[in-house]
Amino acid sequence: MIFTLALRELRSLFLSPLAWIILAVIQIILAWKFLGLIELFYSLQPELIKIKSAPGVTDLVVAPLFDFSKIILLIICPLITMKLISEERQNGTLHLLFSSPVTMTQIVLGKYLGALLFFCLIILQISLMPLSLLLGADLDLGKFAAGLLAQFLNFAAFIALGLYMSSLSRQPGSAAVATYGILIMLWIINVAGSANTGESNFFNYLSITHHSIQMLRGIVQTADIAYFLLFSFVFIVLSIRQLDAQRLQH
Amino acid sequence: MSNPLLNAQHLHRYYADTHAVNDVSIELKQGDILGLLGPNGAGKTSCMQMLCGVLAPSGGEISIKGIDLLDRPNQAKRHIGYLPDKPPLYNELSVDEYLDFSARLRQVERKQISSLRQQAKQHCGLEQQGKRLIGHLSKGYQQRVGIAQAIIHQPDIIILDEPTVGLDPIQIREIRQLICALGENHGIILSTHILPEVQAVCNRVQIIHHGKSVFNESMQTLKQSDQLRLRLQQNIDPSELQSLHAISSVQALNENLFLLSGNQLEKHLSEISQHCVNKGWGLLEISLQENSLEQIFVKLSSADTQQHEKEDAA
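Rules used in this analysis
- Residues numbered from 1 in each chain as written.
- Chains lettered and ligands numbered in written order.
- Predicted model: local features only at pLDDT ≥ 70, side-chain atom pairs only at ≥ 80, totals over all residues.
- Pairing = 2+ DSSP bridges.
- Helix = DSSP H or I, 4+ residues; strand = E, 2+ residues; numbered from the N terminus.
- Axes fitted to C-alpha atoms, helices over the stretch in contact; angles between N-to-C directions.
- Contact = placed C-beta atoms within 7 Å.
- Nonpolar A, V, L, I, M, F, W, Y, C, P; charged D, E, K, R; others polar.
- Core = buried A, V, L, I, M, F, W, Y, C linked by C-beta atoms within 7 Å.
- Buried ≥ 20, exposed ≤ 12 C-beta atoms within 10 Å, placed from the backbone.

Draft legend 1. Representation of the sheet that holds strand S13 (residues 257–262) of chain B within the structure. Residues and elements named next belong to chain B. On the basis of which strands lie adjacent, the open sheet formed by four strands has the order S12-S13-S11-S14 and antiparallel pairing. At either end of the open sheet lies a strand with only one pairing partner, and these are strand S12 (247–254) and strand S14 (283–288). Geometrically, the sheet is characterised by an average inter-axis angle of 20° between neighbouring strands, direction not taken into account. Across six bridges, S12 lies against S13 in antiparallel orientation. When the bridges of S13 are listed, Val 250 appears paired with Leu 260. Helix H10 (residues 269–279) contacts strand S11 (227–232) and S14 of the sheet and is inclined by roughly 165° relative to S14.

Set out below in structure tokens:
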């Protein structure tokens, strides 16, 4: 049942021009950035040869590319998630789901999975560019995989938050703005914590950047993974509760 | 017929301080077409939403084929098809895709989906529209897709919230025929504020006003008539009519138009007409004066809503 809902979500996405435009725009921008990074790598190569255990192509091209793509996707994610529930509510299709033998958990997970599948496609699309380097260069596949994992976990968290915001609001627009607000806040929250005090550790812990930066460098820590999984889990549970509450209250 | 398909007892629903549904009980048997009537804002939609699990009741019990809707919603909801007042359509999907999705949602087995889809489309006159996008269909066809969605899994109970709103007269006729046809094998609850619609399709009427159920009778009882209109060619003395034993009183509306009162006059129609013919009065019209739903409705609804509903009924 979750899968039926997820596939419907994905299908509706691809039947609107939005999904295609997003894929195209991401590809164009990131390809430009990718070319720029390769150019930079080429110009640095003579210097790099002189250094012992110099950073390789993965550090100088792949990691910055993934880091940059995170920003683009931060902009795009709320645009996809804003409609997940609020649009169904606006169109009255939520009543179809509510009157069918499906639980709230299935509805929420179905929608979450649908959006996540779309972003998996985006990740696949992005990762094809670094993979093309395999033709002529040695890629540190471990670091590359860590980068992919970072992207995936980032999305998983972004979508969960966006889904919850969408469940709160009838207007997709306000859901999007609220998602932007929180995501950007979490992005920059560790700026406040640059000094090494107790609070700064706390702000660091809350920050999305703090948890994904290590992974992009190839260091996969359980604490970071737990942060993203917990983040997603909390907002999924909140969405389920929100939908349940709406049946009780109007 | 012993077990009702749907049995809702003492439903209550509050919206903040508003008591929108107040102790309404609804029962539906196989073959019933129940018309839920009421002025705007009476609580019809809230009632229906509670019956199909969209809205949680503040109090009361709902059982569907003996399954408690609140305890085991997933089992109970399989037997329900629901068309909300606004058809729940995904405009970007084609009719076929949408119906398949609806069937999957209702846990119909994959193998059966295509044959059930065909049947539902046939019922609703959508055979030609399968490949078209729902967003491109006219409102009438969208409404039909909405109905097809509600019947695709062949539920025992079909709940339709104002199914004929926004349709043209021909479409309304077709939808009414469809509802009558479906009513033979299913139980149907239908809400509307169009009174002739109820008279045309329903066999039971329940009127809800200010959240309370104020009237609940079968159409049969409504049709039982104790008044008869009689139009004659000649002017006669009303007392001559009174000689018939079935008639208790006669009222002359004008020179040759009479209103006869008595018990179960429909059984005595031939007797009365024979009498008129024998006397050579020139019988022009003899008709039963049915209890008009409108009269009942207006009587039960408060003064401020009367005007509105008359307009709707007209």
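Draft legend 2. Structural view of the interface of chain A and chain B. Residue-level contacts link 19 residues of chain A with 24 residues of chain B. The set of elements that each furnish at least two residues to the side of chain A that touches chain B consists of helix H1 (2–15), helix H5 (93–98) and helix H11 (222–248) of chain A. In terms of residue class, the side of chain A that touches chain B is made up of six nonpolar, 11 polar and two charged.

Draft legend 3. Fine view of the nonpolar core. Judged by nonpolar contacts, the single largest core of 132 residues is most densely connected at Ile159(A), Ala160(A), Cys47(B), Leu51(B), Ile159(B) and Leu190(B). In terms of residues, this core owes the most to one element, helix H7 (residues 141–168) of chain A, which gives 14 residues. Not counting residues within four places of it along the chain, the set of residues in contact with Leu190(B) comprises Ile33(B), Leu34(B), Gly35(B), Leu36(B), Leu160(B), Pro163(B), Ile179(B), Val201(B) and Cys202(B). Grouped together as the second largest cluster of nonpolar side chains are six residues, Leu228(B), Leu230(B), Ile247(B) and Leu260(B) included.

From the geometry alone we can't say anything about function, so treat these as descriptive.
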